[in-house]
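# Residue-level structural notes
One-letter residues, chain by chain:
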2 protein chains.
Amino acid sequence: MRRLLLLLPLLVVFAPTYAGDAPGALAHWPEAARTKQLALEGILQVVPNADRLRAWHDLFCAEAHPAGTPGDTNTIEKMVKAFRDMGLETYRDDMWVYLPHFESAQVAVEVGDQVFPLSLRERPLPEDPHVAESVPAAFNAYSASGQARGEVVYANYGTREDFKRLEALGISCKGKVVIARYGKNYRGFKAKFAEAAGAAGLLMYTDPADSGWGRGLPYPEGGFANESYIQRGSIKTLAYPGDPLTPGAPATKDAERLDPATVALPKIPVQPIGWAAAAKILERMDGASVPAKWQGGLPFRYRLTSRVMKVRLAVQQPRRIMRTSNVIGMIRGAKFPDQKVVIGCHLDAWTFGAGDPHAGSIVLYEMARSFADAARAGQRPDRTIVFANWGAEEFGIIGSTEWCESHHDDLLANGIAYVNLDMAAMGKNFRSAAAPLLKDAIQDAAAAVAHGEGSVLDDWTARGKGKPGFGNLGGGSDHVGFYLHLGIPSCSLGGGGSQGVSYHSAYDTVTWYRKVVGEDYAAAKMVAQVGNVLVARLANAPLLPFHPARYAVDMRAHLAALAKGKGGEALAKATTDLSARLDSFEKDARAVRSALEKAVADGTCTGESLAGANAVLLGLERAWLLPKGLPGRPWYRNAFATTDPYSGYAAWMLPLFHHAVEGDANQTMEMAAAVYSHLLKGLEQKLQLLKAAATAGN
Amino acid sequence: MRRLLLLLPLLVVFAPTYAGDAPGALAHWPEAARTKQLALEGILQVVPNADRLRAWHDLFCAEAHPAGTPGDTNTIEKMVKAFRDMGLETYRDDMWVYLPHFESAQVAVEVGDQVFPLSLRERPLPEDPHVAESVPAAFNAYSASGQARGEVVYANYGTREDFKRLEALGISCKGKVVIARYGKNYRGFKAKFAEAAGAAGLLMYTDPADSGWGRGLPYPEGGFANESYIQRGSIKTLAYPGDPLTPGAPATKDAERLDPATVALPKIPVQPIGWAAAAKILERMDGASVPAKWQGGLPFRYRLTSRVMKVRLAVQQPRRIMRTSNVIGMIRGAKFPDQKVVIGCHLDAWTFGAGDPHAGSIVLYEMARSFADAARAGQRPDRTIVFANWGAEEFGIIGSTEWCESHHDDLLANGIAYVNLDMAAMGKNFRSAAAPLLKDAIQDAAAAVAHGEGSVLDDWTARGKGKPGFGNLGGGSDHVGFYLHLGIPSCSLGGGGSQGVSYHSAYDTVTWYRKVVGEDYAAAKMVAQVGNVLVARLANAPLLPFHPARYAVDMRAHLAALAKGKGGEALAKATTDLSARLDSFEKDARAVRSALEKAVADGTCTGESLAGANAVLLGLERAWLLPKGLPGRPWYRNAFATTDPYSGYAAWMLPLFHHAVEGDANQTMEMAAAVYSHLLKGLEQKLQLLKAAATAGN
């Protein structure tokens, strides 16, 4: 209360974007609700501040804390305490998951009788006390334990296309140690393709062309990868995220578990290295010159094979069931306590985690503190807000997946939206990837936050050349369970544009962050402000701020993009009818949304009919769920979006069409078009229900 | 005669592309002419052979021979003898031109008290006897003599945009030594822009990303540039090619000459170096990191400036009037001796010249030998064929320009076509850049030569995805005087696709050539065969094989390309009428060509009317000449094509539109459109004359 009294006079300073009329997004809110919301949004904009962001950062980044280590336990305890201190309803959500435990790794080059061991740690830096004090050795989670020794094959980025190219060139990986550079796909697929090609082992390295001097000055003079930088990371590639032994079910202490021998985890040793180490291998290769575009940034021509030199690789990394936790803090909704808006960021980190994940955690904690302060000032949200720190994300999106699985029915029924903050504050250029349904609400929230002379939306729009640019939400972080499994409208919020790469390395420290992203924490504050406004509206809006017209806009764009690719002609032919229906869907959806807002403003849509409209809106995204899931991956149920099953990071939008292109499960373009036609029909019917709700009061 | 008897039976082997009917291009020829031509083309396809190509190559590449050196004199004498031995009407065409004479150069790095000199020569290679025996030091022709010493500024490729970017970044070149990498523009413009920016001196180097390990294995293991490779080359950038002191007039011994002080030759010392030398400078720079895309292939981040290090540069390169020569051999036409088809390649070389120029000279000599053999067998051409070796091309397209100037009136009246062979045989992928009027004839000639299972045209078409791809003829070689000054339809013929770069370096040896392009001389033989057929048809065709419809096709493509660039909207608006006329021009031109061919075939167009038609065809390209030339460059008179005055190598097609975009000489889009409309009208009127000729006999 004391703090609030101090802060309220400051609201005037933040008023510019609210000058004159209330923002359009709130125009249809009943007056009492709107007045209250404007006051709340004022609070939510002034609470996040640089000093607190900085303090959270120091707190969470004090030590390395991969899941299952003592650092992990320390971080979980700090987070529980921080939420409790804010007054949140807090619990530690324990889980027992099948994790790797790193014991040792060695890599060495053999030339004749000579053997050179290669370094698997970053170089300590006098400029960065964290790195000097403790540099954990690098590893790839879920590498097999074992040894490999053989001639070397260079596989470029180790994509599906790269391994096909090697095969076309007549180069066998059988029994060889493959070396591939990071980039282009999820590292787990490099390992999967290498194993499938018969490799004895795999080394992955960061090429200076991709992340080092090819991009800018290396750390510590600049922010980019230096010669000893190593990217750690998981290589698990299963048909489901989360705990490998409990697909689709929570990983409780006594859950029924799969036999690990039946789970397709990597069977070859895999190890990440830096480019100083990689150069010692690559410069000794003596086979044929690589194809165009396979050349990296090291100062010699890259070769496909070695004849004289051999490489040895040994990894000890036993897998065992280990305890880790999510940390959950809640503010219960005053009106609709069952309905949940969830905001999350993972808590585990490969090393110190200043960028990944805590550039997001610090935003999450300032958002939690904002809503806690507001609640203490009498502004409890209508719907429940859940602040979540997810455990073991780095080993395969484990904590959030298990939570989605353990809250499956409740979230299907009551999950309003999920906002992901992983690595959120990495620069001052606001960015977002989002489900279509949320895009208007995100733009509206960005319009409410000041940025330079204008708003965050103005800046975002200018960078997008007249249109705020949204990313497609695929895989790679904790929205996966919410969006792709449960059909809960999801988004990531963040900021980018800083010049540097410390990702998954021992250089991911607050020293690096403050040098590269900034001392002022302006990026984190901006994201917290936009996030606060978005979440406050999701929690309090009388009519949920979902805009179904955007489905038509986005589907048109995705179909157009697909039509340019492989199988594009067949797709264009199969989707002629579907495309034609999108125009009228868009028109109807806009009319229905307007009618609903008008009815809410006029007070003709209230009570039961408003609740009915919200129920339909809440169910819109669920309409994309396929009961049997996607071909070969039943856990992934959202037919609107999924992860690219051949590269991992990329998003596949309208994935059944992609499966048709690949011929997976005998899917044809016509079959895919029939499914989407059916799903669109479901949405059309929901529009009719919304129309009825809008006119019920007349 | 003896050789011919031996060879005639071989014709059968080369018959496949002539199987059945005569090739379409000859279908309209009167039967006697066609029969004779087919026999001639048979001879012309069998004479060029690998042993002779190889022997010419050894003869011309025996020593380094830049213009004005003893090696140059030796080469001229060998060439005169070779033509005379073939029985060509041969003369040495002497000229007295203002050339640089290299005396000395030094480059050194200063760090505190330490001074490191940098090497200005290529490393000798045990694998290549030429390089071991004599490595001439590298220089840039027309560098000022003098010294420079200063801090260093890196200017990327030294393009106009790069120097603008430096200015925008607030980096002054005043008094500094600029270092720029080769590529993107003609090196003379790097020097011109550096001088304009106030630089004290300029170093140019070859970056490994552009020509070395970024492309493939370096020489001698592979064919690409190694660390000591240096690209020599002229930096003259005047508003006219040729001798600097006699613009527009022949450089005879007692010609009237400009005062050298009034000619805009470089005023700062300029020196080329290799990347091992460049690295010693670049790695010691300590200023700000370069913008994206400015990074080259050396293993550190490039910087814009140096503070601690300084570079010294000293060049002694006096300029003086020196004698050099063209070597001309002719076979006089039996029917139209005044009319001339000219085929040329320069004779001077920066070092040994195995690629540049003699991959073209060997083709020229085999073509000359083919026509000489045919003439001895009674097949004298109807029109005169001129085989030309041009002197001093490397210093600024001097010999060919002077010859065009000294034969100005005769060539304007009687020049049928010019075929350029500079570096012609650099690989087995046939390629050509050509004036629109010649493109059909070139395709027809390529159709007449076997290549694998099909013809050269088939292969060329397949590589172009269904359409043989032509380059645009801009600057950079000896066609410039013929095409851009005199309006004589010109083309370059050649082959590419080999993996290597020895351009203007001491590694441009036959050893390099045979390793990289091949031991078999198949590329050179292919180009000689296509060239022979093309020249034979230009020399003997009853109706000149010029196809004006191609003007419309190409203009449409050039206008479309221009409409996509800067000022594209204004252009599209200004050329609406012009574009509309191109369709009917194309239709009319095709109809007229068909009618003419039919009239020739029917024998209704002969004698006077055929001579009249040929006179009109011969004058078609001249119709593009602007009496006052292009803005600021009166020597360049062809309004269809010219060199890019801001980059040098690139072609500007329909240049008045480019000048309008740049605002040169207050040229506007409307003014440019008016000129092209007028020029097109001239061509339309010529079509009417051709139509009259076609119907004269009816």
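Counting restarts for each chain: residues are numbered from 1 in the order of the written sequence. Throughout, the order in which chains and ligands are written sets their labels, letters from A for the former and numbers from 1 for the latter. Whole-chain, interface and lining totals are the exception, using all residues; otherwise, since this is a predicted model, local features are given only for residues with pLDDT of at least 70 and side-chain atom pairs are given and counted only at 80 or more. The side-chain quantities take in all heavy atoms of the structure and omit both hydrogens and water.

### Quick word on the overall build of chain A
Each helix and strand in chain A was counted, giving 23 helices and 20 strands. In terms of overall size, chain A behaves like a compact globule, its C-alpha atoms giving a radius of gyration of 26 Å where 698 residues would be expected to give roughly 26 Å. Throughout, a residue-residue contact means that at least one pair of heavy atoms, one from each residue, lies within 4.5 Å. Restricting the contact set of chain A to residue pairs at least 6 apart, pairs at least 24 apart contribute 79%. When the accessible surface of chain A is totalled, it reaches about 25,000 Å², and 54% of it is carbon and sulfur. For chain A, the centre of its 74 positive side-chain charges and the centre of its 71 negative side-chain charges are spaced 2 Å apart. Strands are runs of DSSP state E lasting at least 2 residues, helices are runs of H or I lasting at least 4, and numbering of each runs from the N terminus. Every radius of gyration here is taken over C-alpha atoms, with the globule rule written as 2.2 Å times N^0.38, N being the number of residues. Calculation of accessible area relied on Shrake-Rupley with a 1.4 Å probe; when residues are assessed, cover is drawn exclusively from the protein chains displayed. Charge counting follows a simple rule: Lys and Arg are positive, Asp and Glu are negative, and His as well as the terminal groups are ignored. A single reference atom marks each charge: NZ on Lys, CZ on Arg, CG on Asp, CD on Glu.

### Looking at the relation of the copies chain B and chain A
Relating one copy of the chain to the other takes a rotation about an axis and a shift parallel to that axis. In this comparison the copies share one frame, found by least squares on the C-alpha atoms of residues holding pLDDT of at least 70 in both. Between chain B and chain A, which share one sequence, the superposing operator has a rotation angle of 180° and an axial displacement of 0.0 Å; the RMSD is 0.0 Å. Overall, the copies show the geometry of a two-fold rotation axis. Residue Pro299 of chain B, judged by its C-alpha, is the member of chain B lying nearest the rotation axis, at 2.9 Å. Looking at chain B, 100% of its interface residues are interface residues in chain A too, so the copies touch through the same face.

### Quick notes on the nonpolar core
Residue and element names in this part refer to chain A. Residues Phe387, Leu421 and Phe657 are the most contacted members of the largest nonpolar core, which totals 212 residues. Examining the composition of this core, we find that 12 residues originate from one element, helix H17 (residues 522–540), more than from any other. Apart from the residues lying within four places of it in its own chain, the contact partners of Phe387 are Phe83, Leu88, Val327, Ile328, Gly329, Ile331, Ile343, Leu364, Met367, Ala368 and Phe371. The nonpolar core is taken to be a set of buried Ala, Val, Leu, Ile, Met, Phe, Trp, Tyr and Cys residues, with the residues joined through side-chain atoms within 4.5 Å. The buried label goes to any residue with under 20% of its type's maximum accessible area, the exposed label to any with over 50%, and the partly exposed label to all in between, with areas taken from a 1.4 Å probe on protein chains only.

### Focus on the packing of helix H10 (residues 358–376) of chain A against H17 of chain A
Residue and element names in this part refer to chain A. Helix axes are fitted only over the stretch in contact, all axes being lines through C-alpha atoms; the angle between N-to-C directions runs from 0 to 180 degrees. In contact at an axis separation of 9 Å, H10 and H17 are set at 50° when each is read in the N-to-C sense. Compared by their axis directions, H10 and H17 come out oblique. Between H10 and H17 lies a crossing whose hand is right-handed. Counted together, Ile362, Val363, Met367, Ser370 and Phe371 of H10 and Ala524, Val527, Ala528, Gly531, Asn532, Val535 and Ala536 of H17 form the full contact between these two elements. Put simply, Ala, Val, Leu, Ile, Met, Phe, Trp, Tyr, Cys and Pro go in the nonpolar bin, Asp, Glu, Lys and Arg in the charged bin, and everything else, Gly too, in the polar bin. Taken together, the residues that form the contact of H10 with H17 break down as nine nonpolar, three polar and no charged. Angular relationships are summarised with four words: roughly parallel below 35 degrees, roughly antiparallel beyond 145, roughly perpendicular across 65 to 115, and oblique for the angles in between. Crossing handedness: left-handed means the near helix sits turned counterclockwise from the far one by under a right angle, and right-handed means the same turn made clockwise.

### Remarks on the sheet that holds strand E7 (residues 201–205) of chain B
Residues and elements named next belong to chain B. Note: two strands are recorded as paired if DSSP finds a minimum of 2 bridges between them. Taken together, the four strands give an open sheet; going across it, the order is E5-E6-E7-E8, and neighbouring strands pair in parallel fashion. Of all strands in the sheet, those bounded by a partner on one side alone are strand E5 (152–154) and strand E8 (270–273). Put simply, the sheet's adjacent strands are angled 25° from each other on average, direction ignored. The pairing of E5 with strand E6 (residues 177–181) spans three bridges and is parallel. Directly across from Tyr154, in E6, lies its bridge partner Ile179. Of the strands in this sheet, E6, E7 and E8 touch helix H7 (residues 187–196), which is tilted by about 150° from E7.

### A word on the sheet that holds strand E5 (residues 152–154) of chain A
All names here are of chain A. Taken together, four strands build an open sheet; the order of strands is E5-E6-E7-E8 and the sheet is parallel. Each having just a single partner strand, E5 and strand E8 (270–273) make up the two edges of the open sheet. Between one strand axis and the next, the sheet turns by 25° as a mean value, whatever way the strands run. When strand E7 (residues 201–205) meets E8, the two strands line up parallel, connected through four bridges. Bridge pairing in E8 places Leu203 opposite Gln271.

### A short note on the interface of chain B and chain A
On the chain A side, the residues contacting the 14 residues of chain B number 15 residues. Summed over both partners, buried area is the accessible surface (1.4 Å probe) that two parts give up on being assembled. In terms of surface lost to chain A, no three residues of chain B exceed Trp213, Leu217 and Arg301 of chain B, which account for 47% of the buried area on that side. Salt bridge, as applied in this entry: a Lys or Arg side-chain nitrogen positioned within 4 Å of an Asp or Glu carboxyl oxygen. Counting across the chain B and chain A interface gives two salt bridges. We note a salt bridge from Arg303 of chain A to Glu221 of chain B, for which the minimum N-O separation is 2.8 Å.

### With respect to the domain arrangement of chain A
Residue and element names in this part refer to chain A. Along its sequence, chain A is carved into domain 1 (32–40 + 49–99 + 321–540), domain 2 (102–317) and domain 3 (549–695). Each domain's extent was defined by an automatic or database domain assignment. The C-alpha centroid of domain 3 is placed 39 Å from the C-alpha centroid of domain 2. Domain 2 puts 10 residues into the contact, and the matching count from domain 3 is 11 residues. Overall, the association of domain 2 and domain 3 removes approximately 890 Å² of surface from exposure, summing both partners, and the carbon and sulfur fraction of that is 59%. Linking domain 2 with domain 3 are one salt bridge, by the criterion used here. Here a polar contact means two N or O atoms within 3.5 Å. Within protein one must be a hydrogen donor candidate and the other an acceptor candidate, and residues neighboring in sequence count only if both atoms are side-chain atoms. Counting every contact that joins domain 2 to domain 3 gives two residue pairs in polar contact (both at pLDDT 80 or more). It is helix H7 (residues 187–196) that contributes the most residues to the side of domain 2 that touches domain 3, three residues altogether.

### Side note on the side chain of Lys176 of chain A
Residue and element names in this part refer to chain A. Its place among the elements puts Lys176 in the loop between helix H6 (160–168) and strand E6 (177–181). Buried within the structure, Lys176 lacks any salt-bridge partner; its nearest side chain of opposite charge belongs to Glu151, at an N-O separation of 4.0 Å. Sequence-distant contacts of Lys176, that is, excluding residues within four places in its chain, are made with Glu151, Val153, Ala199, Ala200 and Gly201.

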